[in-house]
Amino acid sequence: MKQLPADTVRLLSSSQVITSVVNVVKELMENSLDAGASSVDVKLENSGLDRIEVRDNGHGIKGEDTPVMAAAHFTSKICSTEDLEMLETYGFRGEALGSICSVAEVTVVTKTEEDDISTQYTLNFSGEIVSQKPSHFGQGTTVSVLKLFKNIPVRRQYYSSTKKCKEELKKIQDLLTAYAIIKPELRLTLIHNKVVVWQKATVADHRSALLATLGASTVANLLPCHHQQEQPELLLDGFFPKPGADYSSTSNSNPDKTFIFVNSRPVHQKDIMKLLRQHYAAQYPDDPARNRYPTAMLKITVPPSSVDVNLTPDKTQVLLHNKEAVLTAVEALLVSLYGYRADGDPPAEKQ
Ligand code: ADP
Ligand code: MG
């Protein structure tokens, strides 16, 4: 038996962290949001395989931090495990940028408020700076990722098919839509092969963000719902299809328009999704296509100490400590809206 060379170990672990094109966009996007950006441009070439560029107007990376920005487990966001209890940022593991360096060619241009001009850094396989030069960008950070998976031919090949390219592009748009909804103040653009394929301006609230992303006819069929409680502390804000709303305009064959967030993080929570579908579908007992998903947004806010986001590498699933209480509250909200209870009992009379 022999120990694997360090470069091989690095490639193996990086390719587990960075699994897809959409995954790179998500990590870069979250870094931009963590940097307090109010404007983010995502540019792709060849569905992201040739180039993914994410430009933000956030606080930038301080000169003293640039040498370690892509070093393994270097992060400016937490200092210890205790900080995870109060986590307010999307990132915390310090592994995305470094992992991307191991599977692509990466340059970072950054400028803080204190810097006179921006600097462009070229990083190597290990995330080290190999060259730097002055550049002319404004405040913020631009990360360019070229030739993704160039050293993992089987994966590059996999994402190169026309079908996969289309799927990834759709997933990227869905992901940006989720951030656009949860961050109304954020200005976002998606450019593919130099063409603006999607964009969203700064708006005031979630309803306006839904209007901007899903359109007026869909939003006309949605109703805002709110629930707040103390024990355990929990806040729910949702937009659900109005009772009896037109089925075809408020449902979809896949979950791409059912947006669930936990503490502003877009998540896939199967049990919550099941509740939404169950209560929504119960209104249409005769509809043969009951396996559909409602167009909806549910924003769950809990104390950071009651949620574990370090469950999956892509952070799309979270562990809620008070899951039963959250499910009960979501169900109560849906019962009050649709008057249906999953246990089959008739809804209690409203006083
Ligand atoms: P994490 O987000 O978990 O800290 P990353 O590898 O994604 O780890 O990023 C490493 C560090 O680089 C971050 O902690 C941050 O300090 C810096 N950084 C990366 N992207 C940006 C950005 N767009 N704006 C400002 N700082 C950034
Ligand atoms: Mg990050």
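This text follows the structure it describes.
Here the residue index of a chain counts from 1 through its sequence in written order. Think of it this way: whatever chain is written first is A, whatever ligand is written first is 1, and the rest follow in order. It should be noted that, the model being predicted, local features are given only for residues of pLDDT at least 70 and side-chain atom pairs only at 80 or more, the latter also being counted only at that level, while totals for whole chains, interfaces and linings use all residues.

Draft legend 1. Representation of the overall build of the protein in the model. Each helix and strand counted, the protein has 10 helices and 17 strands in total. Relative to the globule expectation of 20 Å for 351 residues, the C-alpha radius of gyration of the protein, 22 Å, shows essentially globular dimensions. In terms of overall dimensions, the protein has a C-alpha envelope of 70 × 55 × 45 Å along the principal axes. With C-beta atoms placed from the backbone, a residue is buried if 20 or more other C-beta atoms are within 10 Å of its own, exposed if 12 or fewer are, and partly exposed between those counts. Across the 351 residues in the protein, those meeting the buried criterion constitute 34%. Sequence separation of 24 or more characterises 63% of the internal contacts of the protein that already satisfy a separation of 6 or more. Strands here mean DSSP runs of E at least two residues long; helices mean DSSP runs of H or I at least four residues long; both are numbered from the N terminus. The reference for a compact globule is 2.2 Å times residues^0.38; the radius of gyration itself is calculated from the C-alpha atoms. Here contacts are defined at the residue level, using C-beta atoms placed from the backbone and a cut-off of 7 Å between them.

Draft legend 2. Spotlight on unusual backbone geometry. Residue P232 is bonded to the preceding Q231 through a cis peptide linkage, with omega at -10°. One can find P232 in the loop between strand 9 (222–229) and strand 10 (234–241). The phi dihedral of K194 is positive, around 70°, even though this residue is not glycine. Structurally, K194 can be placed in the loop between strand 7 (187–192) and strand 8 (195–200).

Draft legend 3. Geometry of the nonpolar core. By convention in this section, buried Ala, Val, Leu, Ile, Met, Phe, Trp, Tyr and Cys residues joined through C-beta atoms within 7 Å make up a nonpolar core. Within the largest apolar cluster, 75 residues are counted, with the highest numbers of intra-cluster contacts made by V24, V25, I100 and L148. Setting aside residues no more than four positions away along its own chain, V25 makes contact with V42, G48, I52, I172 and L175.

Draft legend 4. Broad picture of the sheet that holds strand 10. For two strands to be treated as a pair, DSSP must find at least two bridges joining them. Overall, mixed pairing links the five strands, which are arranged 9-10-15-12-13 in an open sheet. A single partner strand is all that each edge strand has here, and the edge strands are strand 9 and strand 13 (265–266). Where strand 12 (residues 258–262) meets strand 13, two bridges bridge the pair, whose relative direction is antiparallel. The residue bridging F261 from the neighbouring strand is P266, located in strand 13. Along the sheet face, helix 10 (residues 323–338) touches strand 9, strand 10 and strand 15 (296–301) and points at about 40° away from the line of strand 10. Geometry is summarised by axes, namely lines fitted to C-alpha atoms with helices restricted to the contacting stretch, and by angles between N-to-C directions that run from 0 to 180 degrees.

Draft legend 5. Geometry of the site of ligand 1. By convention here, the C-beta atom is placed from the backbone, and a residue is near a molecule or strand when that atom is within 6 Å of it. Around ligand 1 sit 22 residues, and of these N31, A35, T75, S76 and G91 come closest. Of all elements in the fold, only helix 2 (21–34) and helix 3 (96–103) reach the threshold of two or more residues within the shell around ligand 1. Only Asp, Glu, Lys and Arg are considered charged in this grouping, and only Ala, Val, Leu, Ile, Met, Phe, Trp, Tyr, Cys and Pro are considered nonpolar; every other residue, Gly among them, is considered polar. Tallied by class, the residues present in the shell around ligand 1 amount to six nonpolar, 10 polar and six charged.

Draft legend 6. The sheet that holds strand 6 (residues 140–146), seen in detail. Strand order in the open sheet formed by eight strands is 5-4-3-6-2-1-7-8, and the pairing between neighbours is mixed. Single-partner strands in this sheet number two, and they are strand 5 (129–135) and strand 8. The mean inter-strand angle of the sheet, taken between neighbouring strand axes irrespective of direction, is 15°. Sheet analysis places strand 7 next to strand 8, joined by five bridges and oriented antiparallel. By the bridge assignment, H192 is partnered in strand 8 with V195. Along the sheet, helix 2 makes contact with strand 1 (39–45), strand 2 (51–56) and strand 6, crossing strand 2 at roughly 15°.

Draft legend 7. Region of interest: the packing of helix 1 (residues 6–17) against helix 3. Their axes nearest at 8 Å, the elements helix 1 and helix 3 cross at an angle of 115°. Compared by their axis directions, helix 1 and helix 3 come out roughly perpendicular. In the crossing of helix 1 with helix 3, the sense of the turn from one axis to the other is left-handed. Contacts between helix 1 and helix 3 involve R10, L11, S14, S15 and V17 from the first element and A96, S99, S102 and V103 from the second. In terms of residue class, the contact of helix 1 with helix 3 is built from four nonpolar, four polar and one charged. When an angle is under 35 degrees it counts as roughly parallel; over 145 it counts as roughly antiparallel; between 65 and 115 it counts as roughly perpendicular; any other value is oblique. For a crossing to be left-handed, the near helix must be turned anticlockwise from the far one by less than a right angle; the clockwise case is right-handed.

Draft legend 8. Broad picture of the environment of I181. Within the secondary structure, I181 is located in helix 5 (residues 162–182). Residue classification places I181 among the buried positions, given that 23 C-beta atoms sit within 10 Å. Through-space distance from the C-alpha of I181 to that of L169 is 18 Å; in sequence the pair is 12 residues apart. Beyond its immediate sequence surroundings of up to four residues, I181 is in contact with H206, A209, L210, T213, F259 and M297.

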